[in-house]
Amino acid sequence: EKLDWPEKVKKMQSDWIGKSYGAEVDFAIDGIDKSIRVYTTRPDTLYGATFMVLAPEHDLAAKLAIPEQKEAVEDYIYKSSMRSSVDRLQDKEKTGIFTGSYAINPVTKKPIPIWLSDYVLADYGTGAIMCVPAHDDRDFDFAKKFGIPIVQVISKDGKEEELKEAYSQPGIMINSGEWNGMDSEKAKNEVPELLEKQGIGKKTVNYKLRDWVFSRQRYWGEPIPIIHCEHCGTVPVPEEELPLLLPEVEKYEPTGTGESPLANIHEWVNTTCPECGKPAKRETNTMPQWAGSSWYFLRYVDNKNDKELVSKEKAEKYLPVDMYIGGVEHAVLHLLYSRFYTKFLKDIGVVDFDEPFVKLFNQGMIGKDGAKMSKSKGNVVSPDELIKDYGCDSLRLYELFVGPPELDSEWDDRGIDGVYRFINRFYNLIMDNKNKTVKATEEMVKLRNRFVYDITTRLESFSLNTVVSGFMEYNNKMLDIAKKSGGIDCKTLETAIILLAPFVPHVSQELWSQMGHEGSVFNNTWPSYDKEKMKDSEIEIAVQINGKTKGTIMIDANASKDAVLETAKEAMADKLTGTIIKEIYVPGKIVNIVVK
Ligand SMILES: [Zn+2]
């Protein structure tokens, strides 16, 4: 929640983890002292449970058959046992048999029939389900087929309706005792707890996320530090022997037998048990690539440290990662595992933050001719050609200019021409003006501060294409001023070079030394701006006579109304014939003089 990540990625992760609440509910069996436990993700629909279905293999299946049904039930159980699970689940037409027994719905206290059907599998959940035909397609079909009552407990507007199919949307709870009127989504979350309080059920938490195999049968991968001993079982490699390194080998191709290549390296595999000292073997599987990719970034800030993963000081200074840039394809793998690892490392006290990447930025893809670039489509743009013709600074700048970085963009071969021309114009501007000792005018100072401000703010908001257009814009302004004032001051020129350096490093470095500096342009700090100096001290406003614009005047931005009107009247003296009857000043915008 607190992460500055694209919403899309956050949603993908939470869907992937798939946390949901459910409940285990016990249904007492009418007439005998036994109950049937079901697991449900929809305990909110409990009032609508009008029957139960057990898997034919359920322990109680045969026992629940009343004498009149005994033969039919046993026959059904036998037939089901002859069919595979896949067949059973794929059947379009559901089959079933009534046992003759009833369970008691724990909230309505009404008896509900217990059926057997082979679409319920014994190894799924408890092998028994509660059926809510009004809100589940499969239960609906079953109830219709066998004439079982359907009780609606959620409705769109709180009114009961004739259901032609199961209603699976959220809505308002009805026919549900004390839950009536509740929002069904709210009920979904709260009912498990209510049931637990009433002693009817138990709240459970479920995840869609499954365990994932961690071992790989290949050479490249961190070896798993486990030793297999005949006497002691699996024994961890003692901590002082960590890290366990891969053996140096000449061949690391897969064995072809499905066994890890490490298994063939006897001098590595054979070791002694750290516990009993007898001969033992090392684990030969290695870790998957994401074992390391989930925390590699922590090492970047302290990669020579052989005592700890990362020192507290360095971690404090540099981590967590401020901005992480990567494709959205990593959303539920790398980006999720990295978070798990970081949370674990925080729990064991290795780091003191619990999220690895403060800000995540998913870059878009650049396509060509309306398609993703690919070799097979033949629409790949070769950077070599472009670098030969335009230089790598042009290519780099055009790549930034091609579109907002978070969106997919279309490559346009002609676009690089414009960028190339801009770099040339900038180069010429510097070369033409570097030796003119022009004193900075107020206009130049204002332009310089605004230039730094615009580039800095656009850069900070990661709007890189507008950074590039900003350079073009300000380059034109500098050219105008240089033309008008016979040159431009060195500080403004140098500021422009420093601002451009990260984007066109080669040209900038060249121009930096042309300005007479030794060393790298990158030794400079990022230029700062002064907001006060960005303000217009003089502004131009229009002067109207009887609503028609007759001219403009320059006034001090802070001038008083009287002073402005005075200036306006002076400027318009020759046009003001007749008597002035009204003088209007809209501050900073316009003066209107009404005459008769
Ligand atoms: Zn041992």
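Structure report, in brief. Because the structure is predicted, anything quoted here is derived from the model rather than measured. The residue numbers shown here count from 1 along each chain, following its written sequence. A pLDDT threshold of at least 70 governs which residues receive local features in this predicted model, and a stricter bar of 80 or more applies before side-chain atom pairs are shown or counted, although totals over entire chains, interfaces and linings include all residues. The basis for every side-chain value is the complete set of heavy atoms in the structure, and neither hydrogens nor water enter the calculation.

With that out of the way, let us pick up the coordination of the zinc ion. Shown as donors are all N, O and S atoms within 2.8 Å of a metal ion, widened to 3.2 Å for Na, K and Ca; because water is not in the atom set, sites may appear incomplete. Distances from the zinc ion to its protein donors, Cys-229 (SG), Cys-232 (SG), Cys-273 (SG) and Cys-276 (SG), fall at 2.2 to 2.4 Å. Only two sets of limits are used to name each site, 85 to 135 degrees for every angle of a tetrahedral four-donor site, and over 155 degrees for opposite donors with all other angles from 65 to 115 for a square planar four-donor or octahedral six-donor site, with any other site named irregular. Classification of the site at the zinc ion as tetrahedral follows from its 4 donor atoms and the range of 107 to 112° in their angles at the metal. Each donor residue of the zinc ion lies on one chain, and together they are spaced C-x2-C-x40-C-x2-C. One end of the pair, Cys-229, is in strand 10 (residues 226-229); the other, Cys-273, is in the loop between strand 12 (270-272) and strand 13 (279-282), and 44 residues separate them in sequence. When accessible area is computed with a 1.4 Å probe and restricted to protein chains, residues below 20% of their type maximum are described as buried, those above 50% as exposed, and intermediate ones as partly exposed. What makes Cys-273 buried here is its relative accessible area of 3%. Going along the chain from the N terminus, every DSSP run of H or I of four or more residues is numbered as a helix, and every run of E of two or more is numbered as a strand.

A word on the layout of surface pockets. Only protein atoms enter the 1 Å grid used here, on which a cavity is any set of points holding a 1.4 Å probe that cannot leave and a pocket is any open set flanked by protein within 12 Å on both sides along at least five of seven lines; residues with an atom within 4 Å of a point are listed as lining. Grid points are joined across faces, edges and corners, and a volume is the space filled by probe spheres set on the points. Its volume calculated, the largest pocket comes out at about 1,200 Å³. What lines the largest pocket is a set of 28 residues, among which Leu-242, Pro-243, Leu-244, Trp-295 and Leu-309 lie closest to the centre. Residue assignment for the lining of the largest pocket shows that the elements contributing at least two residues are helix 7 (289-293) and helix 10 (334-347). With 3 residues, the single largest contributor to the lining of the largest pocket is helix 10. All residues other than Ala, Val, Leu, Ile, Met, Phe, Trp, Tyr, Cys, Pro, Asp, Glu, Lys and Arg, Gly among them, are scored as polar; the first ten of these are nonpolar and the last four charged. A per-class count over the lining of the largest pocket returns 18 nonpolar, 3 polar and 7 charged. Both of domain 2 (226-287) and domain 3 (290-361) provide at least three residues apiece to the lining of the largest pocket. What counts as a domain boundary in this text is fixed by an automatic or database domain assignment.

With that settled, consider the packing of aromatic side chains. Two rings from Phe, Tyr or Trp (for Trp, the six-membered ring) form a pair when their centres sit within 6.5 Å of each other. Planes less than 30 degrees apart are called stacked, planes more than 60 degrees apart edge-to-face, and all others tilted. Counted according to the given criterion, the structure contains 27 aromatic pairs. Relative to Tyr-102, the ring of Phe-98 lies with its centre 5.6 Å away and its plane at 75°, an arrangement referred to as edge-to-face. Ring centres of Trp-115 and Phe-142 lie 5.6 Å apart, and the angle between their planes is 85°; on these two criteria the pair is classed as edge-to-face. Of this pair, Trp-115 sits in strand 5 (residues 111-116) while Phe-142 sits in helix 4 (residues 137-146), and the two are 27 residues apart along the sequence. When its relative accessible area of 9% is taken as the criterion, Trp-115 is described as buried. By relative accessible area, Phe-142 is classed as buried at 1%. To sit over a ring, a charge needs its Lys NZ or Arg CZ within 6 Å of the ring centre and within 35 degrees of the ring normal. The positively charged end of Lys-203 is found above the aromatic ring belonging to Tyr-21, 4.8 Å away from the centroid. Its guanidinium or amino end placed over the ring of Tyr-474, Lys-477 lies 4.6 Å from that ring's centre, counting from NZ or CZ.

Our next topic: the pairing of strand 2 (residues 35-40). Residues Ile-36, Val-38 and Thr-40 point to one face of strand 2 and are all buried, whereas Ser-35, Arg-37 and Tyr-39, pointing to the other face, are not buried. By this definition, two strands are paired if DSSP reports at least two bridges between them. As paired strands, strand 1 (residues 20-29) and strand 2 are joined by 6 bridges and run antiparallel to one another. Within strand 2, the residue paired with Phe-27 across the bridge is Ile-36. Counted between consecutive antiparallel strands, the loop separating strand 1 from strand 2 contains 5 residues, among which Gly-31 sits at a positive phi close to 95°.

All right, on to unusual backbone geometry then. Each neighbour pair has its own omega, and for Leu-242 with Pro-243 the value is 0°, a cis peptide bond. Looking at the element boundaries, Pro-243 is found in the loop between strand 11 (233-236) and helix 6 (266-269). With an omega of -5°, the peptide bond running from Leu-319 to Pro-320 counts as cis. Note that Pro-320 resides in the loop between helix 9 (312-318) and strand 14 (321-325). Of note in this structure, Asn-175 is not a glycine but carries a positive phi near 50°. For Asn-175, a relative accessible area of 34% translates into the label partly exposed. The phi angle at Phe-462 is positive, at roughly 65°, despite the residue not being glycine. With respect to the secondary-structure elements, Phe-462 resides in the loop between helix 14 (442-460) and helix 15 (464-485).

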